[in-house]
Amino acid sequence: MWRRSFSTATNASTALKEKKWDALVIGAGHNGLTAAAYLAGSGLSVAVLERRHVIGGAAVTEELIPGFKFSRCSYLQSLLRPSLIKELELGRHGLKLLKRSPSSFTPCLDGSYLLLGPDRELNHSEISKFSVNDANAYHRYEKQLESFCKLMDPLLDSPPPETAQNGASFNDRLKDKLRKSAFWASFMRQALSLGQKDLVDFMDLLLSPASKVLNKWFETDVLKATLATDAVIGSTASVHTPGSGYVLLHHVMGETDGERGIWSYVEGGMGSVSSAIANAARESGAHIVTSAEVSQLMIKDSGTVNGVLLADGTEVLSPIVLSNATPYKTFLELVPNNTLPDDFTRALKYSDYSSATTKINLAVDKLPQFQCCKLNHPDAGPQHVGTIHIGSESMEEIDLACQDAVNGVPSRRPVIEMTIPSVLDKTISPPGKHVINLFVQYTPYKPSDGSWGDSAYRESFAQKCFSLIEEYAPGFSSSIIGYDMLTPPDLEREIGLTGGNIFHGAMGLDSLFLMRPVKGW
């Protein structure tokens, strides 16, 4: 389905020059497509301009090896807001979520392993193998995080209570004050409903290193390490970095079909998320055009936008332009020089886009056989369903991998999150063969011991990852048919993620909510 939608999108290119659009959207990532769907649904004429030949941005499916469809960047769904799924009727437009149970598997070199998931009895049984105390504490830990998520939920669905910009009319300033008063009153009511102890624990979680939070709750190394991976994923942070506790919370905020903290595969790959949103946008009248790279925003002498200039010289007119590109790309590369205030551009110029993420997508001819499971048969087992944590047997192991990157070199023993979506999704690989995603940390944008532009250096790192997996699943390397690797510079060049950062900027406490990089905007 996702391939057919692209050809339809391309046919819209002839319409670009024929009218002045009510709104233009730069980039057909899932955020840009969502904006287009709502704008078009309100009756505006909307065109979405995508640089690549395929829609989806980082939520994209690509068949890079014949018969194997890779979720090339993003690989799991949970944080897409439930209100969007409902209001845009994404199920009707082709979105099908495949729940994972169990959701996590951590093999250990000593022959033990840990399975976790939505099944409370399974969790208690599995953790009890290591510590009965931890097994009893785990449910309380989950319940506390769930209560914190309920406090955070309204923040995710509300515009932040920013200060009104200079020049606003008296009526606008009054409305702004009333809106902010209502926001803070509601938030304070929810905060007070937690009680003082939970409120202090909530602040402790926000500000503390993940290691402090997890050490307070548990004693088992493999359990703490498995949970800690959520606190560092996509970042350059260590488990000992203050504020990493918030990222731990961020990654349990999501839900699937109303079930909190459940992450799912998407049938057809992550491109099906973007395809479903695009279908909703088109049904409302939006035009989505691929291979339409925007080179510059056109700004009139008055300082207002007049449209965009495409790389091929085409002018597309509109008084409103939304950008799905990163803030850095949008304001420092697409907006003409000397258009924006100096303090605005300075704040963006020095925003943190550091990244240590590499994504490896593999086609394999058989499932990995983890020796700790002692199940040497070709069929999928519970160990293959969820996220498989490789090289994460202790928080110290994760920290050592991080310190390598701090010192300028890719981790000697990378932290790897392996997923095998083809176990549940039979549409993305040939029968008997599988698609494997490896989300790998930590890999510096500019290594001090080589270059990602050097094919031998790239191959050496890929083989290091495969060899680490081989320690847990002998024979893994020989199963590989082919692979695609995206290092931080590749993610920047191919997908448009500045610095290779998967969050459009580092997700530290100093960059969230009212502390966002350009305050007041």
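Quantities reported herein were computed from a predicted structural model and do not represent experimental measurements.

A tally of regular secondary structure across the protein chain gives 16 helices and 20 strands. For 521 residues, the compact-globule formula gives about 24 Å, and the C-alpha radius of gyration of the protein chain, at 23 Å, lands near that figure. Oriented by its inertia axes, the alpha-carbon framework of the protein chain measures out at about 70 × 55 × 50 Å. Across the 521 residues of the protein chain, 53% fall into the buried class. Residue pairs at least 24 apart in sequence account for 72% of intrachain contacts in the protein chain once pairs closer than 6 positions are excluded. For the protein chain, the exposed area adds up to about 22,800 Å²; of that, 53% sits on carbon and sulfur atoms. The average position of the 49 basic charges and that of the 57 acidic charges among the side chains of the protein chain differ by 5 Å.

What follows is about the nonpolar core. Within the largest apolar cluster, 48 residues are counted, with the highest numbers of intra-cluster contacts made by Tyr141, Phe218, Leu249 and Tyr442. Secondary structure elements with two or more residues in this core: strand 7 (113-116), helix 5 (132-156), helix 6 (170-194), helix 7 (196-207), helix 8 (210-217), helix 9 (221-232), helix 10 (244-250) and helix 14 (395-406). For this core, the leading source of residues is helix 5, giving 10 residues. In terms of nonpolar packing, the next biggest core, distinct from the first, is built from 31 residues, Phe105, Leu115, Cys372 and Trp452 among them.

Further remarks concern the sheet that holds strand 1 (residues 23-26). The strand order 11-2-1-15 describes an open sheet built from four strands, whose pairing is parallel. The sheet is open, and its two borders are formed by strand 11 (287-289) and strand 15 (321-323), each paired with just one other strand. The sheet shows a mean angle of 20° between the axes of neighbouring strands, taken without regard to direction. The sheet contact formed by strand 1 and strand 2 (residues 46-49) spans four bridges and is parallel. The residue of strand 2 that forms the bridge with Ala23 is Val46.

What follows is about the sheet that holds strand 12 (residues 294-299). Taken in spatial order, the three strands make up an open sheet running 12-13-14, and their pairing is antiparallel. In the strand order of this sheet, the two ends are held by strand 12 and strand 14 (315-317), each with one partner. Within this sheet the neighbouring strands show an average axis-to-axis angle of 25°, counted without direction. Relative to strand 13 (residues 305-310), strand 12 is paired through five bridges, and the arrangement is antiparallel. Within strand 13, the position partnered with Gln296 by the bridge is Leu309.

On the surface, Phe170, Leu174 and Leu178 cluster together into a nonpolar patch covering about 330 Å² of accessible area. Residue placement: Phe170 occurs in helix 6. Residue classification places Phe170 among the exposed residues on the basis of a relative accessible area of 57%.

The rules behind the values
- Residues numbered from 1 in each chain as written.
- Predicted model: local features only at pLDDT ≥ 70, side-chain atom pairs only at ≥ 80, totals over all residues.
- Heavy atoms only, no water.
- Helix = DSSP H or I, 4+ residues; strand = E, 2+ residues; numbered from the N terminus.
- Rg over C-alpha atoms; globule rule 2.2 N^0.38 Å.
- Buried < 20%, exposed > 50% of the residue type's maximum accessible area, 1.4 Å probe, protein only.
- Contact = heavy atoms within 4.5 Å.
- Areas by Shrake-Rupley, 256 points an atom, 1.4 Å probe, with all protein chains shown as cover.
- Lys, Arg positive; Asp, Glu negative; His and termini not counted.
- Charge placed at Lys NZ, Arg CZ, Asp CG, Glu CD.
- Core = buried A, V, L, I, M, F, W, Y, C linked by side-chain atoms within 4.5 Å.
- Pairing = 2+ DSSP bridges.
- Axes fitted to C-alpha atoms, helices over the stretch in contact; angles between N-to-C directions.
- Patch = residues over 30% accessible without salt bridge, like charges linked within 9 Å, V, L, I, M, F, W, Y side chains within 5 Å.
- Salt bridge = Lys/Arg side-chain N within 4 Å of Asp/Glu carboxyl O.

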